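# Descriptive structure summary
Now for the letters of each chain:
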Amino acid sequence: MNCFMNYESKDTKTDLRGEVFKMWLNCWERISGNSYYIHHLYYQSIGSKRVRETWWRKVLITWLLFWTLVSLWIFWYMSSQATEKRREALGSMCDERARMLQDQFNVSMNHVQAMSILISTFHHGKNPSAIDQMTFTRYTERTAFERPLTSGVAYAVRVLRSEREEFEKQQGWTIKRMDTFEHNPVHKDEPSPIEEEYAPVIFAQDTVSHVISLDMLSGKEDRENVLRARASGKGVLTAPFRLLKTNRLGVILTFAVYKRELPSNATPNERIEATDGYLGGIFDIESLVEKLLQQLASKQTIFVNVYDITNLSQPISMYGSNVSDDGLWHVSTLNFGDPFRKHEMRCRFKQKAPWPLLAISTSIGILVIASLVGHIFQATVNRIAKVEEDYHGMMELKKKAEAADVAKSQFLATVSHEIRTPMNGVLGMLDMLMDTELDVTQQDYVRTAQASGKALVSLINEVLDQAKVESGKLELEAVSFNLRAILDDVLSLFSGKSQDKGVEFTEKGHIFVTVYLVEEVVDSIEVETELSSSKNTLSGYPVADRCHSWKGFKTFNQDGSTSPFKSSSADLINLIVSVEDTGQGIPLEAQSRIFTPFMQVGPSISRTHGGTGIGLSISKYLVGRMKGEIGFVSIPNIGSTFTFTAVFGNGSSTSNEHNSQQMNNQPNSVSSEFQGMKALVVDPRPIRAKVSRYHIQRLGIQVEVVSDLLQCLSQIASGSKIINMILVEQEVWEKDTSVSTLFVNNLRKLGCGFQSKLFLLANSISSSRANTSTDGVSIPSVIMKPLRSSMLAASLQRAMGVGNKGNIRNGELPSMSLRHLLLGRKILIVDDNNVNLKVAAAGLKRYGAAVVCVERGKKATELLTPPHQFDACFMDIQMPEMDGFEATKIIREMEHNFNNRIRRGEVSIEAYENVSNFHVPILAMTADVIQATYEECLRSGMDGYVSKPFEAEQLYREVSRFFPPIPDRSP
């Protein structure tokens, strides 16, 4: 009913156009009387809603597209006409200016050529010469109007090397180098070096009189010009260059002056031999072209550029600016009489072309008229589109609601698994230690179990807190705590896995936690710089520089100093905490969503490392509530560093107590029996040694650090200080066994009883046990890392014989009656969690079962490939690479195939203790307690279900259902 009503309402809203049209049809029916035909035509043509939508949309789009194209074509046509007219006008103006410049240049060139003939006649043709400098100056000044484009004229005579001395005596000056004058006018009087011939300037117009006595053949541009002019017999131009004195851009036109009149077909050698001198006209292109353009009334409308294009790939600008707002340009060719050099004039309008208002108004008018005509189509299409948009919006909301429901179910299943897994570890460890008498070491184990319990509570609270964060109801509670104790508890959670791998926490490398007062960060910047070196980190592997993780904090100014804020009060403590780890890092594409709730870096990461993806989002919220900031820096395949600040209340009763417990490296005594003792730490890595020294100093022990065993032995042998204990890093001890052996032997020779005071700081349990001797010499007592105050104190107490010596007492084994219940049964346990494996194995061993543990489903399929000797299997469901469901299906398939071979007689049952049907009972171990998980277990071929956390009795009860009573098979 609801669906029908919704559809009726929607159709009523969307069919306004149809109702109006029907009213018009009714009126038309009364006039025409042909109602049947019109009704039939309406409903057949546009009565259907789908047909109406399609028809109206096509008409609207076709109409608008057609008239849009028409208006665009009209605009293009009218604009192109206007552009063509503008191009023609530009070409006309540019050609006019090029013609004027070329004509003026030809006039000046002809006059310069005439002057060369004049000099040949009255200077070289007369003896004595009829021309001197004064005569030349007066003549060139009075005839300057005939050379409108030249800024000066000069004449250089040809002088051979043999004639130089006599020439210089005759002139009264020395021939000078032009290239020196060009580059350094201060040394302009430097004589020209010895050459085969010279071309010193003897006559010059007043405007260029500074060139007199300069050798034209010693200048780069002039030499090329002179040689080309006398060989060709024509006027030649230089490339544009900066003129002397004025430093303005110009060229020189050069004509050769000959001793006699030469025929037109004279060879270059003949012309060179007949050369008397060279007449050059200097053209200041920039000023001369500007003067020429000023003569035109339209000089302000276009830009003019003159180029030397002799080298097309690198044209030389002789005049003008390249700035222009209009892309339209025109090129006119210039011929200055030198066939070798090519020139052109490029012209552009100074301003953009005006808007083609006529074309715009015409095209817009047509488009507006077409739009008005199609308005009814637009209204109809918009109304239909609005209805469709609302419909699609509702469908999207429906999909999102369904996706949210699926995500919620997946979230609950994940959280259930993550909660119950640590719960199983906590209860299992407590159950194993319940009836034992605990010494100091065992008390530390209990703390480890309790820390696992706290991890469980923390995980439960994360789920609840996330819900509170989303609802805005999360409240912070002020609780007193000990920071060092909290850090020790965190270390205990991960110490087991790190010891198994032989690293300080990660797959390869380390995790390094530092805590400072914010006020101390400025002083620790040098430490940060030191840590940035890949050779001077905790493990020697490169790290992501923690300084970049707080780069965007508002707490710090740009210069790295802290801003003044409330933490300076004795009642508040502002801490900055950095967690640096080496490893996979975070991919760049995932870093932007790292603080988004329920977001994982990737599915493979989630399955391998676990987690719900809400920890960082809650952390960010909590840091914000504690008036702090959080940030990170991550480099793929290097590692990540997370840093946050937070403001805490001072839990100390007085300010003096607060000052004594500030975050620094001062000792924090845990056991008074170590007061006054001295320790020597052997570690080549400064950062790692600093961490070891910090923890040892917390026990009240004075610590010194050396880098190798030889330095350690030298310091002990000196006898200046009494060393109570020596702590050697595992890397140093195992680096060279011969050195370690020599070290131990030398300690024995000292006769000071150092063997009982020697300790090895090891990362790996297997490594420390495998190397229990060094060429027959026992190694020191092993202290496992990461260091914790309680574990370190217990190890030192036992070895040093002070305080509680930590005598270890094993718990009693179960009664013999229990050990016979599963005696002779071989059971496989598959779980990727080491704690679960230990708890399950210990529980089944109480009942006498032989237990084999593996961490991967793939390994389980190999062990349970028929034939095998296993009587049952406990299979975890959620595992990396291959989960429990997939592993069980593979095992059942292998059993089915093997049983078929038995039935076909391909395999003899006598060889397998007369077992005719292989079917190993597989019991699921999972933290997912929802019904869907149980049903999936049955579908995959599992025989039972054990929920986490479990107890030993529960495991026995479930597995014993598949075992008939058997006689005691114990030896």
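Look up a bit, the structure's there.
The structure displayed is predicted, hence computed values, not measured ones. (Residues numbered from 1 in each chain as written. Predicted model: local features only at pLDDT ≥ 70, side-chain atom pairs only at ≥ 80, totals over all residues. Heavy atoms only, no water.)

Turning our eyes to something else, we now look at the sheet that holds strand β21 (residues 725–729). Judged by pairing direction, the sheet is parallel, and its five strands sit side by side in the order β20-β19-β21-β22-β25 without closing on themselves. Edge strands, defined here as strands with exactly one partner in the open sheet, are β20 (702–706) and β25 (781–784). Within the sheet, the average angular offset between the axes of one strand and its neighbour, ignoring direction, is 25°. With four bridges connecting them, strand β22 (residues 758–762) and β25 associate as parallel partners. Pairing of F759 across the sheet is with S781, part of β25. Sheet strands in contact with helix α20 (residues 709–718) are β19 (678–682), β20 and β21, and its direction is about 155° off that of β19. (Pairing = 2+ DSSP bridges. Helix = DSSP H or I, 4+ residues; strand = E, 2+ residues; numbered from the N terminus. Axes fitted to C-alpha atoms, helices over the stretch in contact; angles between N-to-C directions. Contact = heavy atoms within 4.5 Å.)

So, about the state of the cysteines. This model, assessed by the stated rule, comprises one disulfide. Disulfide pairing is shown between C94 and C347; the S-S distance is 2.1 Å. A torsion of 75° about the S-S bond marks the disulfide between C94 and C347 as right-handed. Of this pair, C94 sits in helix α4 (residues 49–124) while C347 is found in strand β14 (residues 343–349), placing the two residues 253 residues apart along the sequence. Look at C94 and you get buried, because its relative accessible area is 0%. (Disulfide = S-S within 2.5 Å. Buried < 20%, exposed > 50% of the residue type's maximum accessible area, 1.4 Å probe, protein only.)

One finds L101, L279 and M345 to be the most contacted residues of the largest nonpolar core, which totals 47 residues. At 10 residues, α4 tops the list of elements feeding residues into this core. The residues contacting M345, other than those within four sequence positions of it, are C94, R97, A98, L101, V304, N305, V306, H330, V331, S332 and L334. Core analysis: the next-biggest nonpolar cluster, separate from the first, contains 21 residues, I829, A840, M925 and L955 among them. (Core = buried A, V, L, I, M, F, W, Y, C linked by side-chain atoms within 4.5 Å.)

This next bit is on the environment of L430. Of note, L430 is situated in helix α12 (residues 375–433). On the accessibility criterion, L430 (28% relative accessible area) is partly exposed. Sequence-wise, L430 and V839 are 409 residues apart; in three dimensions their C-alpha atoms are separated by 9.9 Å.

Together, W73, W76 and Y77 line one region of the surface with nonpolar side chains, adding up to about 410 Å² of accessible area. Checked against the element boundaries, W73 lands in helix α4. Overall, the relative accessible area of 52% leaves W73 in the exposed class. (Patch = residues over 30% accessible without salt bridge, like charges linked within 9 Å, V, L, I, M, F, W, Y side chains within 5 Å. Areas by Shrake-Rupley, 256 points an atom, 1.4 Å probe, with all protein chains shown as cover. Salt bridge = Lys/Arg side-chain N within 4 Å of Asp/Glu carboxyl O.)

Given a rise of 1.5 Å per residue, 13 residues ought to cover 18 Å, and the 19 Å separating the end C-alpha atoms of helix α8 (residues 220–232) matches this to within 8%. Among all positions in α8, only D222, N225, V226, R228, A229 and R230 are buried. A positive phi of about 75° marks G233, the residue just after α8. (Expected span 1.5 Å × (residues − 1).)

What follows deals with the pattern of salt bridges. Using the criterion set out here, one finds 28 salt bridges in the structure. E84 is the salt-bridge partner of R87, the closest N and O atoms lying 3.0 Å from each other. With R87 and E84 both in helix α4 and three residues apart, the pair spans about one turn of that helix. Residue E84 is classed as partly exposed on the basis of its relative accessible area of 36%.

Judged from the five bridges that link them, β19 and β20 form a sheet pairing that is parallel. If you follow L680 over to β20, its bridge partner there is E704. A crossover connection joins β19 to the parallel β20 through helix α19 (residues 686–697); in handedness this β-α-β unit is right-handed. (Right-handed = clockwise from strand over helix to strand, strands pointing away.)

On to the sheet that holds strand β15 (residues 511–517), then. Adjacent strands of a sheet pair through backbone hydrogen bonds, lying either parallel or antiparallel. Taken in spatial order, the four strands make up an open sheet running β15-β16-β18-β17, and their pairing is antiparallel. Edge strands, defined here as strands with exactly one partner in the open sheet, are β15 and β17 (630–635). Ignoring which end each strand starts from, the neighbouring axes of this sheet average 15° apart.

Right, let's talk about the packing of α20 against helix α22 (residues 737–750) for a bit. Helix-helix packing is described using two parameters, namely the angle between the two axes and the distance between the axes. Relative orientation of the contacting elements α20 and α22 amounts to 10°, with a least axis distance of 10 Å. Put simply, α20 runs roughly parallel to α22. Contacts between α20 and α22 pair L709, C712, L713 and I716 from the former with V739, S740, F743, N746, L747 and L750 from the latter. Looking at the contact of α20 with α22 residue by residue, the classes come out as eight nonpolar, two polar and no charged. (Parallel < 35°, antiparallel > 145°, perpendicular 65-115°, else oblique. Nonpolar A, V, L, I, M, F, W, Y, C, P; charged D, E, K, R; others polar.)

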